Amino acid sequence: MKYNVLWIDNEPSDSFMDDAYNNFDLNIINKENYVEGMEWLEENRENCYAVILDVNCVETSSVDESESMDVFTDYLPHVIKLCERQDHFIPWYVYTAGGYEGYETLKRTITGKRDWDPKKEDKYYRKPKDSIELLQNIKTAIVENARYVQKYKDLFELFPDLEHKSSLLRIIEIVEENKTSNSSAYNDIRKILEAVTDILKIKGFFPDDLDGLSSASYYIRQICIKGRQFLVPSYISYCYTACEDICNDGSHNGGKTPMKVDKDTSSYKAPYLIRSTFFMLSNIIVWASKLSATEDSITYRKQKVAEYNIPKFERNRKTE
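A brief report on the enclosed structure follows. (Residues numbered from 1 in each chain as written. Predicted model: local features only at pLDDT ≥ 70, side-chain atom pairs only at ≥ 80, totals over all residues. Heavy atoms only, no water.)

### What about the nonpolar core?
Cut-off, in case you're wondering: We define a nonpolar core as any set of buried Ala, Val, Leu, Ile, Met, Phe, Trp, Tyr and Cys residues linked to one another through side-chain atoms lying within 4.5 Å. Buried, partly exposed and exposed residues are distinguished by accessible area as a fraction of the type maximum, computed with a 1.4 Å probe on protein chains only: under 20%, between the cut-offs, and over 50%, respectively. Secondary structure elements are defined from DSSP: runs of H or I of at least 4 residues count as helices, runs of E of at least 2 residues count as strands, and each element is numbered from the N terminus. Residues count as neighbours in contact if any of their non-hydrogen atoms are within 4.5 Å of one another.
Leu-168, Val-196, Leu-200, Phe-205, Val-232 and Ile-285 are the most contacted members of the largest nonpolar core, which has 54 residues in total. Broken down by secondary-structure element, the contributors of at least two residues to this core are helix H6 (153–156), helix H7 (162–176), helix H8 (185–202), helix H9 (212–226), helix H10 (234–251) and helix H12 (273–289). Sorting elements by how many residues they give to this core places H8 first, with nine residues. Not counting residues within four places of it along the chain, the set of residues in contact with Leu-200 comprises Phe-205, Phe-206, Ile-220, Trp-287, Ala-288 and Leu-291. Formed by 25 residues, the second largest nonpolar core is a distinct cluster that contains Met-38, Val-51, Tyr-75 and Trp-92.

### Brief notes about the sheet that holds strand E3 (residues 50–53)
The cut-off we apply is this: Criterion used throughout: strands pair if DSSP finds at least two bridges between them. The axes used here are C-alpha line fits, helices contributing only the stretch in contact, and every angle between their N-to-C directions lies in the interval 0 to 180 degrees.
Strands sit in the order E2-E1-E3-E6-E7 across an open sheet of five strands; the sheet is parallel. Here the strands that pair on one side only, and so sit at the sheet edges, are strand E2 (26–31) and strand E7 (125–126). Summarising the sheet, E3 and strand E6 (residues 92–96) pair through three bridges and their orientation is parallel. Following the sheet pairing, Val-51 is matched in E6 by Trp-92. Across the sheet, helix H1 (residues 14–24) is in contact with strand E1 (3–8), E2, E3 and E6; its angle to E2 comes to roughly 155°.

### Notes on a negative patch on the surface
Rules: Only residues above 30% relative accessible area that lack a salt bridge enter a patch, with like-charged residues linked at up to 9 Å and the nonpolar side chains Val, Leu, Ile, Met, Phe, Trp and Tyr linked at up to 5 Å. Under the convention used here, a 1.4 Å probe and the Shrake-Rupley method define accessible areas, while residue burial counts only the protein chains that appear. Any carboxyl oxygen of Asp or Glu within 4 Å of a side-chain nitrogen of Lys or Arg constitutes a salt bridge here. When charges are counted, neither His nor the chain ends are considered; positive counts come from Lys and Arg and negative counts from Asp and Glu. Charged groups are reduced to one reference atom each: NZ for lysine, CZ for arginine, CG for aspartic acid, CD for glutamic acid.
A cluster of acidic residues, Glu-32, Glu-36, Glu-39, Glu-42 and Glu-43, forms a negative patch at the surface. By the secondary structure assignment, Glu-39 is in helix H2 (residues 34–44).

### Looking at the packing of H8 against H9
Applied cut-off: Note on terminology: angles under 35 degrees are roughly parallel, angles over 145 are roughly antiparallel, angles of 65 to 115 are roughly perpendicular, and the others are oblique. We call a crossing left-handed when the near helix sits turned anticlockwise from the far one by less than a right angle, and right-handed when that turn is clockwise.
Relative orientation of the contacting elements H8 and H9 amounts to 55°, with a least axis distance of 11 Å. Relative to H9, H8 is oriented oblique. Every pair of crossing elements has a handedness; the one defined by H8 and H9 is left-handed. Contact residues: Arg-190, Leu-193, Glu-194, Thr-197 and Leu-200 in H8; Leu-213, Ala-216 and Ile-220 in H9.

### Let's talk about the pattern of salt bridges
Considering all chains together, one arrives at 13 salt bridges under this definition. Taken together, the salt bridges that share partners define one network made up of Lys-2, Asp-25 and Lys-139.

### A closer look at the pairing of E3
Each regular strand shows side chains that alternate between the opposite faces of the sheet. Neither face of E3 is open: one carries Ala-50 and Ile-52, the other Val-51 and Leu-53, and all of them are buried. Two strands pair when backbone bridges link them, and E1 and E3 are joined in this way by four bridges, in the parallel orientation. Looking across to E3, one finds that Trp-7 is bridged to Ile-52.

### A word on the pairing of E1
Inclusion rule: Orient the strands so they point away from the viewer, and a crossover whose first-strand-to-second-strand path over the helix runs clockwise is right-handed.
Burial analysis of E1 places six of its six residues in the buried class, the great majority of the element. Because side chains alternate across E1, one face comprises the buried residues Tyr-3, Val-5 and Trp-7, and the other comprises Asn-4, Leu-6 and Ile-8, equally buried. Summarising the sheet, E1 and E2 pair through six bridges and their orientation is parallel. Residue pairing in the sheet places Tyr-3 in a bridge with Leu-26 of E2. Following the backbone out of E1, through H1 and into the adjacent parallel E2, one traces a crossover that is right-handed.

### Re the environment of Val-35
In this structure, Val-35 sits in helix H2. Put simply, Val-35 and Val-58 are 23 residues apart on the chain and 8.8 Å apart in space, counted from C-alpha to C-alpha. Residues within four places of Val-35 in sequence aside, it is in contact with Glu-59, Thr-60 and Tyr-75.

### Quick look at the packing of H1 against helix H5 (residues 131–151)
How we decide: For this classification, Asp, Glu, Lys and Arg are treated as charged, while Ala, Val, Leu, Ile, Met, Phe, Trp, Tyr, Cys and Pro are nonpolar and the rest, including Gly, are polar.
For the pair H1 and H5, interaxial distance at closest approach is 11 Å and the crossing angle is 45°. Classified by the interaxial angle, the pair formed by H1 and H5 is oblique. You can see that H1 and H5 cross each other, and the crossing is right-handed. Taken together, the residues of H5 that come into contact with H1 (itself represented by Phe-16, Asp-19, Ala-20 and Phe-24) are Ser-131, Ile-132, Leu-134, Leu-135, Gln-136 and Lys-139. Within the contact of H1 with H5, the residues separate by chemical class into six nonpolar, two polar and two charged.

Take a look at the structure:
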């Protein structure tokens with residue numbers, strides 16, 4: 001697999017990009033000015049694994065524009081905003097030849113920001129001397145994410161699309177790195193639960209007019225009760241109900257005061273709630289992935305669910 005890496009530099013090196021591609025599995029996407037670079041990053045953030053920044057660069061593609069460190073200084077806050085969001089961190093690196101105001105100015109520009117490579121403290125990457133070291137460190141950072149994909153391989157297999165794989169990876173990063181107060185996880189948990197629900201609908205569990213996660217949670221419980229766990233095990237019914245309740249509370253506040261789950265998670269009152277919700281979600285994913293998707297099995301499930309004669313879901317109904 002080749003990993004997309006954005007490189008903003010108006011004087012790109014073919015040998016650097018070839019090295020990255022052939023020896024480190026990095027597909028360098030070069031943009032020769034900051035305007036085009038930031039546009040690409042905004043549009044491809046979910047499929048970008050790292051960002052490399054030149055310091056002495058140009059802002060636009062205008063032939064009359066001169067290189068300036070001011071461009072880097074002006075755009076750095078935007079880079080940080082896009083790369084260091086809580087929901088998904090993209091490592092960014094400074095790779096520059098110098099020849100301008102020098103390292104001390106660069107250090108002052110990134111006041112307190114010495115984390116483009118934590119292992120190197122406050123040193124930036126010099127062009128071209130540090131090129132191999134830079135590429136190696138980028139690959140190492142990306143492999144950490146790849147390690148999570150391998151560790152939770154059975155979860156990723158259910159989702160063929162990049163969007164849901166990215167959501168799942170963001171949740172796993174939060175769990176693995178013990179970011180217990182990062183309530184943004186609930187938004188991604190909700191997205192994954194909705195995707196699993198769509199799959200379960202295709203596999204014959206829900207009516208055609210299913211209306212949201214609350215409706216799905218109701219039908220899961222009813223199928224479990226009326227079928228005496230024949231189609232839906234009680235642990236799946238429990239996990240689904242809990243995940244639906246937690247992620248609905250944690251991801252929906254409508255711009256108002258955050259709800260209980262969000263508040264308690266953000267204030268460290270529920271340090272294990274994200275972790276426990278993730279593992280309940282994992283049980284649902286694995287169960288759903290092992291269900292047969294043949295035409296006969298889907299028809300059979302639909303027939304059995306119809307036999308249970310489950311009352312239509314009403315949003316204000318108090319259910320078991």
